[in-house]
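Okay, here's what each chain looks like letter by letter:
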Number of protein chains: 2
Amino acid sequence: MTIPPALEQLVAHLCRLPGIGEKSAYRLAFHILSEPPEYAREFGRCLETVRERVLFCERCFNLAETTLCPICQDPRRDQMVVCVVESVQDLLALERARVFSGVYHVLHGTLSPLRGIGPDELRVAPLVVRARESGLSELILATNVDVEGEATAGYLAAAIRPMGVPVTRIAAGLPMGSELEFMDDVTLSRAFEGRKALGHIDRR
Amino acid sequence: MTIPPALEQLVAHLCRLPGIGEKSAYRLAFHILSEPPEYAREFGRCLETVRERVLFCERCFNLAETTLCPICQDPRRDQMVVCVVESVQDLLALERARVFSGVYHVLHGTLSPLRGIGPDELRVAPLVVRARESGLSELILATNVDVEGEATAGYLAAAIRPMGVPVTRIAAGLPMGSELEFMDDVTLSRAFEGRKALGHIDRR
């Protein structure tokens, strides 16, 4: 018994999605076959056009529908403060939290020599150009607080600080609601290193 | 910051796949955006046509590209022995194991009153017609050995046995390579119930 080629092709496309192996791909494909035909048709049409309709901002590489994204176009945002994030998802998380009123720069990844990802695979060169030419007042490095994110932040700081742009890194420490008892050693050590004075301390 | 509607639509379609929540859907959508444009285009074209190119066999509801599937058309297969399975995936597993030379009947699900799935939601009526009209020599119930599969097998046995068709159920017991120590109680009890005589026992 052979699988119809159209189904095999669909499975091959599903297999290219991250985290989907051949078994899951078959499960998804059979689900698609069991749904009303409009579902597959509209899903397909949507996939065919998504790459033409969803662009990346020419300045910050955020999602956009024209050359610049809504944030880069927004006159109320401080164009002189740039926050560097790994992905659009990270940007969306910061926007949801309403913690930042400047603009962004999306790297679309982190440096990862083991996976062959160097600065040329990321949007690093346009960031360097932006830092050099725009007279930024601050560059905030908001890559993830993990090995690759830290390494990327270190690389970017070394590349951009010589241009006279003040470079900062988001704080590492204990997240809200956490208990010291259950925290890992690295987080505890970072929380101690990053400790801050509370109010005025009189050292007479 | 709003998400472009084309991306939101893609995420909505991805969310309808089993086991894909909103977060995973966004992850998949961003992966699709990061791949070369041909991927999304070909994937989309494939989805648009799959429902027209992949049909279900009119007799057994297996995958087919014409009215009958390759197994129902195969003159070397015994058309009088029918094996009932829950899904095409189960049929493919039996075909891979080369354990069966008859034909199949795919239910496309199991009875599940809690999820509102009764005999009318499955391919039960055509099976009853097949059993009544084709003079089958055996009907093998190969639904899964779990609560729903067992209930479905019980229901089908009760519906078809009165028509004079011999109905059998695949054996439940210990799978190859298993150790009694780690087996659950139900499997052990089924293995005891289903025990068989080994060779000739002399009861003088």
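Numbering of residues begins from 1 in every chain and follows the order in which that chain's sequence is written. To label them, take the chains in the order written and letter them from A, then take the ligands in the order written and number them from 1. A pLDDT threshold of at least 70 governs which residues receive local features in this predicted model, and a stricter bar of 80 or more applies before side-chain atom pairs are shown or counted, although totals over entire chains, interfaces and linings include all residues. Side-chain calculation: all heavy atoms of the structure are included, whereas hydrogens and water are not.

Focus: the domain arrangement of chain A
Alright, step 1. Domain boundaries in chain A define domain 1 (5-53) and domain 2 (73-169).
Alright, step 2. All the domain ranges listed were derived from an automatic or database domain assignment. When each unit is reduced to the centre of its C-alpha atoms, the spacing between domain 1 of chain A and domain 2 of chain A is 34 Å.

Quick notes on the confidence of the model for chain A
Residues and elements named next belong to chain A.
Alright, step 1. In the predicted model, chain A carries a mean pLDDT of 91, and 97% of its residues have values of at least 70.
Alright, step 2. Values of pLDDT, ranging from 0 to 100, describe the predictor's confidence in every residue of the model. Runs of H or I in DSSP of at least four residues are treated as helices and runs of E of at least two as strands, each being numbered from the N terminus. For chain A, the element scoring lowest by mean pLDDT is helix 8 (residues 185-193), at 90; strand 4 (residues 102-106) scores highest, at 96.
Alright, step 3. Across the interface, the model reports ipTM at 0.78; the global pTM reads 0.76.

Things to note about the relation of the copies chain A and chain B
Alright, step 1. Superposition record for chain A on chain B: RMSD 0.1 Å, screw rotation 180°, translation along axis 0.0 Å. Viewed as a symmetry operation, the transformation between the two copies matches a two-fold axis. When each C-alpha of chain A is compared by its distance to the rotation axis, Gly44 of chain A comes out closest, at 1.9 Å. The copies are overlaid by a least-squares fit using only the C-alpha atoms of residues whose pLDDT is at least 70 in both copies.

Focus: the pattern of salt bridges
Alright, step 1. The salt bridge criterion pairs a side-chain nitrogen of Lys or Arg with a carboxyl oxygen of Asp or Glu, the two atoms within 4 Å. Summed over the entire model, instances satisfying the criterion amount to 14 salt bridges over all chains.
Alright, step 2. In this structure, Glu35 of chain B and Arg16 of chain A form a salt bridge, with 2.4 Å as the shortest nitrogen-oxygen distance. A residue pair is termed interchain when its members come from two chains, as with Glu35 of chain B in the loop between helix 2 (22-34) and helix 3 (37-53) and Arg16 of chain A in the loop between helix 1 (5-15) and helix 2 (22-34).
Alright, step 3. With a shortest N-O distance of 3.3 Å, Glu148 of chain A and Arg115 of chain A are connected by a salt bridge. Here Glu148 of chain A is found in helix 7 (residues 147-160), whereas its partner Arg115 of chain A is found in the loop between strand 4 and helix 6 (124-133), with 33 residues between them in sequence.
Alright, step 4. Assessed through its relative accessible area of 28%, Glu148 of chain A is described here as partly exposed.
Alright, step 5. Via salt bridges that share partners, Glu150, Arg169 and Arg190 of chain A belong to a single interconnected network. Each residue is assigned to one of three classes by its accessible area relative to the maximum for its type, calculated with a 1.4 Å probe on protein chains only: buried under 20%, partly exposed between the two thresholds, exposed over 50%.

Looking at the pairing of strand 3 (residues 78-85) of chain A
All names here are of chain A.
Alright, step 1. At least two bridges found by DSSP between two strands is the condition for calling them paired. Relative to strand 4, strand 3 runs parallel, the two sharing five bridges. Within strand 4, the residue paired with Val82 across the bridge is Val103.
Alright, step 2. One ladder, built from four bridges, connects strand 3 with strand 5 (residues 138-141); its direction is parallel. Bridge assignment links Val84 to a residue of strand 5, and that residue is Leu141.

Observations concerning the sheet that holds strand 3 (residues 78-85) of chain B
Residue and element names in this part refer to chain B.
Alright, step 1. Spatially, 4-3-5-6 is the arrangement adopted by the four strands of the open sheet, whose pairing is parallel. Since the sheet does not close on itself, it has two edges, and those belong to strand 4 (102-106) and strand 6 (167-169), each with one partner. Sheet twist, expressed as the average angle between the axes of neighbouring strands with direction ignored, equals 30°.
Alright, step 2. Its contacts with the sheet place helix 6 (residues 124-133) against strand 3, strand 4 and strand 5 (138-141), and it is angled at close to 150° to strand 4.
Alright, step 3. Here, two residues are considered to be in contact whenever any of their heavy atoms come within 4.5 Å of each other. Geometry is summarised by axes, namely lines fitted to C-alpha atoms with helices restricted to the contacting stretch, and by angles between N-to-C directions that run from 0 to 180 degrees. Along the sheet, helix 7 (residues 147-160) contacts strand 3, strand 5 and strand 6; its crossing angle with strand 6, the most-contacted strand, is approximately 165°.

Focus: helix 6 of chain B
Residue and element names in this part refer to chain B.
Alright, step 1. Listed as buried for helix 6 are Val124, Leu127, Val128, Arg130 and Ala131. An end-on view of helix 6 places all buried positions within 160° of arc, on one side of the element. Residues of helix 6 that are exposed and angled more than 90 degrees away from the buried face: Ala125, Arg132 and Glu133.
Alright, step 2. Of the residues one or two after helix 6, Gly135 is the one with positive phi, at around 60°. The arc in question is the one traced by the directions running from the helix axis out to the C-beta atoms.

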